[in-house]
Amino acid sequence: MDINEMQSLLQTKLKPQRFAHCIGVMETAIELAKRFNVDEEKAAIAGLLHDCAREFETSHLIEESEKRHLFITDIDRQLPILMHAPLGTAIAKEEYGVDDTAILKAIASHTVGGAYMSDLDKIIYLADMIEPHRKYDGVEKLRQLAATTDLDTVMISAFDQSITFIMRKGHTIHPYTVAARNEILLTKEL
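As a convention, each chain's residues are numbered from 1 in the sequence order in which they are written. Predicted model: local features are reported for residues with pLDDT of at least 70 only, side-chain atom pairs are reported and counted for 80 or more only, and whole-chain, interface and lining totals are derived from all residues. To get the side-chain values, take all heavy atoms of the structure and skip hydrogens and water.

> How should the environment of Asp51 be read in this particular structure?
Only runs of H or I of at least four residues qualify as helices and only runs of E of at least two qualify as strands under DSSP, and these elements are numbered from the N terminus. Counting through the fold element by element, Asp51 comes out in the loop between helix H3 (40-49) and helix H4 (61-67). Classification of residues uses two cut-offs on accessible area relative to the type maximum, computed with a 1.4 Å probe and protein chains only: under 20% is buried, over 50% is exposed, and between them is partly exposed. The class for Asp51 is buried, based on a relative accessible area of 2%. For the pair Asp51 and His84, spaced 33 residues apart in sequence, the C-alpha to C-alpha distance is 6.9 Å. For Asp51, the contacting residues outside a window of four places in its chain are Leu14, Arg18, His21, Cys22, His84 and His110. Any pair of N or O atoms that falls within 3.5 Å is considered a polar contact. Within protein, one atom must be able to donate a hydrogen and the other to accept it, and sequence-neighbouring residues count only if both atoms are side-chain atoms. Within the structure, Asp51 has its side chain in polar contact with the side chain of His50 (distance 3.3 Å). Only heavy atoms enter the contact rule, under which two residues are in contact if any of them lie within 4.5 Å.

> Which parts of the structure should I look at to understand the environment of Arg35?
Looking at where Arg35 falls in the secondary structure, it is placed in helix H2 (residues 16-35). Distance in space between the C-alpha atoms of Arg35 and Thr148 is 9.7 Å, their sequence separation being 113 residues. Apart from the residues lying within four places of it in its own chain, the contact partners of Arg35 are Ala146, Ala147, Thr148 and Thr149. In this structure the side chain of Arg35 is engaged in a polar contact, spanning 3.3 Å, whose partner is the backbone oxygen of Ala146. Among the polar contacts made by the side chain of Arg35, one reaches the main-chain carbonyl oxygen of Ala147 at a distance of 3.1 Å.

See below:
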């Protein structure tokens, strides 16, 4: 299945606003891939399909993940919306024929990050946060950083923004997010 076919199928499965977000993430991911010298086609596919599991209601994400024997943390059970990312890898394989491990890993890590993030992983995480439909305090700063600084610097700011938001909501901070942020900081310090 080529990307145009993927796009057509995805449009039939998602609500119009969610589909528009996916197009925005795809386009932003392509621009970031150009800037940071990452495979643009992989960025486009991962950006397009990053929310493909949002076709399921949040209340069904754990059940759908269990059907596919995906690993589910206690935090995922507390905040089941987080499971749309790892579940998205299964849906990308099952329904869209994606078998590229780099694309699948980028889809899996777009919500909470994780250790050993590739540049593609970082681009999809970031594109999801700064695509044109996003409106929140701090988004313009992230967009500016994405256009002017190195990828790891903007990722630290993105993680900080995410962690601050989660703390304000009173939710548990996912250990994958902490691991991703710490890994970048440790690498930058060496």
